[in-house]
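Chains, contacts and geometry: an overview
This is what each chain is made of:
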Amino acid sequence: MAEQHGAERRPQDLPPLFQEAGLLEQFNLPPKLILFLRRYQSAIWAVFASAIVLALAVAGYNAYTDHRSAKAAEALDTAMQAGEGRRDLLVQVRDDYSSTPSALWAEVALARMDEQENKADEAIHRYQAVRAKLKPSSHLIPLVLGKLAALEEQKKNWDASLAYYQELAKIDGFAADAHLNMGRLYEAQAKKDEALAMYKKFLEFTAVTTEQSGTDPRRQMVQSHIELLQAN
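Criteria and cut-off values
Residues numbered from 1 in each chain as written. Predicted model: local features only at pLDDT ≥ 70, side-chain atom pairs only at ≥ 80, totals over all residues. Heavy atoms only, no water. Helix = DSSP H or I, 4+ residues; strand = E, 2+ residues; numbered from the N terminus. Buried < 20%, exposed > 50% of the residue type's maximum accessible area, 1.4 Å probe, protein only. Contact = heavy atoms within 4.5 Å. Areas by Shrake-Rupley, 256 points an atom, 1.4 Å probe, with all protein chains shown as cover. Axes fitted to C-alpha atoms, helices over the stretch in contact; angles between N-to-C directions. Parallel < 35°, antiparallel > 145°, perpendicular 65-115°, else oblique. Left-handed = near helix turned anticlockwise from the far one by under 90°. Nonpolar A, V, L, I, M, F, W, Y, C, P; charged D, E, K, R; others polar. Core = buried A, V, L, I, M, F, W, Y, C linked by side-chain atoms within 4.5 Å. Salt bridge = Lys/Arg side-chain N within 4 Å of Asp/Glu carboxyl O. Patch = residues over 30% accessible without salt bridge, like charges linked within 9 Å, V, L, I, M, F, W, Y side chains within 5 Å.

It is worth spelling out the overall build of the protein at this point. Counting its secondary structure elements, the protein contains twelve helices and zero strands. Along the protein, helices and strands appear, N-terminal first, in the series α-α-α-α-α-α-α-α-α-α-α-α. The proportion of buried residues among the 232 residues of the protein is 31%. Partitioning the contacts of the protein with sequence separation of at least 6, the portion at a separation of at least 24 is 39%. When the accessible area of the protein is evaluated, it comes to approximately 15600 Å², of which 57% is carbon and sulfur surface.

Structural data, given as structure tokens:
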């Protein structure tokens, strides 16, 4: 009979989580809690099993993303050190390892190559694509805005360039340079009053930084330029 009962027992059945007597009572748990645990032990098993599966899934995903990021970094390093064929390798990094930091840096490198080859439109398009993927807190934002402003200025798209500099001026640490460049752009358009206002803003911002870190050689140049504009 013992053998028959052993054969009938299904291996996949989980043993009772809480025995009918003894174990829970030894922990001096309230009777109502003991009754609840025994009544819903199947559901408790299900919760435990789900938690284990979730933990394993998260661990597996983290391992996968870490491995993928490492492979992407290796591929980017290879592409950056390549001579001939660098562009193709950078494109491959961008496409094969999308959503990784290496893919983003590959796109920045491609934009830089477009700049060096005087392909302003292509470079602008790439920097705009990079910007769209960046979080507002990203340290790349000032770099991308500065590049976009300079490229639009190169094409004499004054309004577009000014718009990027205005965004840059809102970021801590970049307001002074942004206002200096906006003054230069206004002056290029013969808008003297606007240029003077931006140059004076530059002096205001650098007056604070000068007290903290020493003289800024640009201040004297800008002051002289303001006097020249006011005289004309």
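From this point, things continue past the structure.
Further remarks concern the packing of helix 8 (residues 141–154) against helix 9 (residues 158–169). Two numbers describe how helix 8 lies on helix 9: the axes approach to 8 Å, and their chain directions differ by 160°. One way to sum up the angle between helix 8 and helix 9 is to call them roughly antiparallel. Helix 9 is crossed by helix 8, and the crossing has left-handed handedness. Residues P142, L145, G146, L148, A149, A150, E152 and E153 of helix 8 lie in contact with helix 9, whose contacting residues are W158, A160, S161, Y164, Y165, E167 and L168. Among the residues making up the contact of helix 8 with helix 9, the classes are represented as ten nonpolar, two polar and three charged.

A separate point is the nonpolar core. Counting 36 residues, the largest nonpolar core has Y127, L134, Y199 and V222 as the members making the most contacts within it. In this view, V222 contacts L180, Y199, F202 and L203; residues no more than four positions away in its chain are not counted. By size, the runner-up hydrophobic cluster in this structure holds ten residues, among which are A72, A79, L90 and M113.

Moving on: unusual backbone geometry. In this structure, N118 takes a positive phi of about 60° despite not being glycine. Structurally, the position occupied by N118 is in the loop between helix 6 (101–116) and helix 7 (120–133). Using a relative accessible area of 65% as the deciding quantity, one classes N118 as exposed. The backbone phi angle of K156 is positive, close to 65°, even though this residue is not glycine. Within the secondary structure, K156 sits in the loop between helix 8 and helix 9.

Attention now goes to the packing of helix 6 against helix 7. Axis separation between helix 6 and helix 7 bottoms out at 8 Å; the angle between their running directions is 160°. The pairing of helix 6 with helix 7 is recorded here as roughly antiparallel in orientation. In this structure, helix 6 meets helix 7 at a crossing whose hand is left-handed. Where helix 6 abuts helix 7, its residues L104, E107, V108, L110, A111, R112, D114 and E115 lie against E122, A123, R126, Y127, A129, V130 and K133. Of the residues assigned to the contact of helix 6 with helix 7, the class counts are eight nonpolar, no polar and seven charged.

Right, let's talk about the pattern of salt bridges for a bit. Counted by the stated rule, this structure contains 14 salt bridges. Put simply, D114 and R87 hold a salt bridge, and the shortest N to O gap is 3.0 Å. One end of the pair, D114, is in helix 6; the other, R87, is in helix 5 (residues 86–96), and 27 residues separate them in sequence. Looking at R87, the relative accessible area reads 23%, which means it is partly exposed. E153 is the partner of R184 in a salt bridge, and the nearest nitrogen-oxygen pair spans 2.2 Å. Here R184, found in helix 10 (residues 175–188), pairs with E153, found in helix 8; they are 31 residues apart in sequence, far enough to count as distant.

The residue E107 is located in helix 6 in this model. In contact with E107, not counting residues within four places along its chain, are R94, R126, A129 and V130.

Residue position: D96 is located in helix 5. Judged by relative accessible area, which is 42%, D96 ranks as partly exposed. Residues D96 and A75, 21 residues apart in the sequence, show an inter-C-alpha distance of 9.7 Å.

The grouping of L33, F36 and Y40 at the surface amounts to a nonpolar patch, some 280 Å² of accessible area in total. The residue L33 is located in helix 3 (residues 31–39) in this model. The class of L33 is partly exposed, set by a relative accessible area of 35%.

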